[in-house]
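Architecture at a glance
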Amino acid sequence: MSEIKKTAMVAIVGRPNVGKSTLTNALVGEKIAIVSSKPQTTRNRIYGVVNRGETQFVLLDTPGLHKARTRLGDYMVKVVRQSVADVDAVCLLVEPIPHVGAPEQALIDRIREEKLPAVLVINKIDTVEKENLLAVIAAYSAAYDFDAIIPISAERRDGLDILLDQLESYAAEGPQLFPDGMTTDQPERQVVAEIVREKLLRNLDKEIPHGTAVEVTKFSERDSGVIDLDVTIYCEKASHKGIIIGKNGAMLKKISTHAREDIERFMGAKVYLQTWVKVKENWRDNVNYVRSFGYRYDD
């Protein structure tokens with residue numbers, strides 16, 4: 001293994017559901033950020049770590065920039081704005097649409113304000129014909145002078161080596177920030193909670209999963225190596241609790257089973273998972289609840 005001599009800290013930004021977490025997972029080589037088809041899946045800033053040759057890349061996967069409607073939403077937008085600072089470069093991730101939307105323009109304005117090197121990354125190129133990319137490139141080139149414009153498919157892992165080659169040009173000489181084998185800064189409890197929340201997003205409809213939070217109340221290991229987990233799912237309404245549990249507990253069992261399978265892959269160990277559902281009305285608008293679930297920021 002090569003000795004790390006350089007580091008590059010890179011923020012991955014973009015509107016909700018553009019593929020930021022999928023890209024982070026693909027670059028890291030394992031699942032550290034949850035993914036679903038619903039917007040605003042990522043709530044916290046997540047560090048992904050990639051060692052490549054003599055360079056350690058530290059990737060900041062951020063919540064999508066959106067119009068906040070709750071205190072949790074305020075927190076998520078603040079995370080994005082604070083992430084586009086104190087980094088070596090920014091990847092603006094966009095879909096192959098030949099129009100610069102309001103979220104993208106807001107991020108471009110922030111990049112310009114911070115005077116940061118920026119790469120435009122056009123994701124989901126497997127969904128369009130190649131000739132259609134020219135109009136996308138033209139629209140964004142008119143909006144900002146990007147250092148590079150790189151088309152990729154994060155899902156199919158196309159173009160990722162080209163992207164890393166570009167990001168390596170921003171690396172500065174310095175010590176290794178994260179030890180070998182470490183792929184994320186997230187504590188194991190947080191990863192477990194996020195995996196459960198992903199299964200809520202994937203199995204529940206409409207607004208219900210966005211009104212959920214997950215807390216790991218027990219995390220212990222037996223002498224045999226089996227990990228015992230107690231997890232509480234909080235929702236905003238009593239009616240939502242019934243939907244999450246499902247008829248005869250079927251939905252909660254499905255969510256728990258899928259979560260346990262992913263947690264076992266992440267932990268590399270057998271897991272005994274118990275889940276409960278509790279109601280905390282309108283927790284997303286209560287700053288104390290928002291903080292208690294690990295979403296911390298200064299007022």
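Residues numbered from 1 in each chain as written. Predicted model: local features only at pLDDT ≥ 70, side-chain atom pairs only at ≥ 80, totals over all residues. Heavy atoms only, no water.

Remarks on the overall build of the protein chain
Helices and strands together make up the secondary structure of the protein chain, namely nine helices and ten strands. Buried residues in the protein chain amount to 52% of all 299 residues. Intrachain contacts of the protein chain at a sequence separation of at least 6 include 71% that bridge at least 24 residues. If you sum the accessible surface of the protein chain, you get close to 14,300 Å²; carbon and sulfur atoms cover 46% of it. (Helix = DSSP H or I, 4+ residues; strand = E, 2+ residues; numbered from the N terminus. Buried < 20%, exposed > 50% of the residue type's maximum accessible area, 1.4 Å probe, protein only. Contact = heavy atoms within 4.5 Å. Areas by Shrake-Rupley, 256 points an atom, 1.4 Å probe, with all protein chains shown as cover.)

Details of the pairing of strand S3 (residues 55–61)
As a general feature of sheets, a regular strand has side chains that alternate between the two faces. Within S3, seven of the seven residues are buried, which leaves the element mostly enclosed by the surrounding structure. The alternating pattern of S3 places Thr55, Phe57, Leu59 and Asp61 on one face and Gln56, Val58 and Leu60 on the opposite face, and all of these are buried. Two strands pair when backbone bridges link them, and strand S1 (residues 6–13) and S3 are joined in this way by seven bridges, in the parallel orientation. Its bridge partner being in S3, Thr7 is matched across the sheet by Gln56. (Pairing = 2+ DSSP bridges.)

So, helix H4 (residues 133–143)
Among the residues of H4, those classed as buried are Leu133, Val136, Ala139, Tyr140 and Ala143. Mapping the buried residues of H4 onto a view down its axis gives an arc of 125 degrees, with all of them on the same face. Facing away from the buried side of H4 by over 90 degrees, the exposed positions are Leu134 and Ala142. Contacts made by the buried residues of H4 are with strand S4 (89–94), helix H3 (102–114), strand S5 (118–122) and strand S6 (148–151). (Arc of directions from axis to C-beta.)

Quick look at the pairing of S1
Burial of S1 is extensive: six of the eight residues sit out of reach of the surface. Strand direction decides the pairing type here: S1 and strand S7 (residues 172–173), joined by two bridges, are antiparallel. Residue pairing across strands places Lys6 opposite Glu173, the latter belonging to S7. Alignment of S1 against S4, held across four bridges, turns out to be parallel. The residue of S4 that forms the bridge with Ala11 is Val90.

As for the confidence of the model for the protein chain
Across the protein chain, the average pLDDT comes to 81, with 79% of residues at 70 or higher. Mean pLDDT values for the elements of the protein chain range from 48 in helix H2 (residues 71–83) up to 97 in S6. Low pLDDT, under 50, characterises residues 64–73; the stretch is placed with 36 contacts to residues that sit more than four places away or in other chains. (pLDDT = per-residue confidence, 0-100.)

Describing the sheet that holds strand S9 (residues 227–235)
Pairing is mixed in the open sheet, where three strands are placed in the order S8-S9-S10. Taken across any chain shown, the strands that pair with only one partner, and hence form the sheet edges, are strand S8 (213–221) and strand S10 (271–279). Sheet twist, expressed as the mean angle between neighbouring strand axes with direction ignored, is 15 degrees. Contacting S8, S9 and S10, helix H8 (residues 250–267) runs over the sheet at an angle of about 135 degrees to S10. (Axes fitted to C-alpha atoms, helices over the stretch in contact; angles between N-to-C directions.)

Brief notes about the side chain of Glu264
Its location among the elements puts Glu264 in helix H8. Those residues in contact with Glu264 that lie beyond four places of it in its chain are Ala269, Lys270 and Val271.

Section: the packing of aromatic side chains
For the coordinates displayed, the defined rule picks out one aromatic pair. With a centroid separation of 5.1 Å and an interplanar angle of 70 degrees, the aromatic rings of Tyr144 and Phe146 are classed as edge-to-face. As far as burial versus exposure is concerned, Tyr144 and Phe146 are alike and both buried. Across from the ring centre of Tyr234, 4.7 Å away, lies the NZ or CZ of Lys280, which sits over that ring. (Phe/Tyr/Trp six-rings, centres within 6.5 Å; stacked < 30°, edge-to-face > 60°. Lys NZ or Arg CZ within 6 Å of the ring centre and 35° of its normal.)

Quick notes on the environment of Ala148
Looking at the secondary structure, you find Ala148 in strand S6. Overall, the relative accessible area of 14% leaves Ala148 in the buried class. It is 7.6 Å that separates the C-alpha atoms of Ala148 and Ala118, two residues lying 30 residues apart in sequence.

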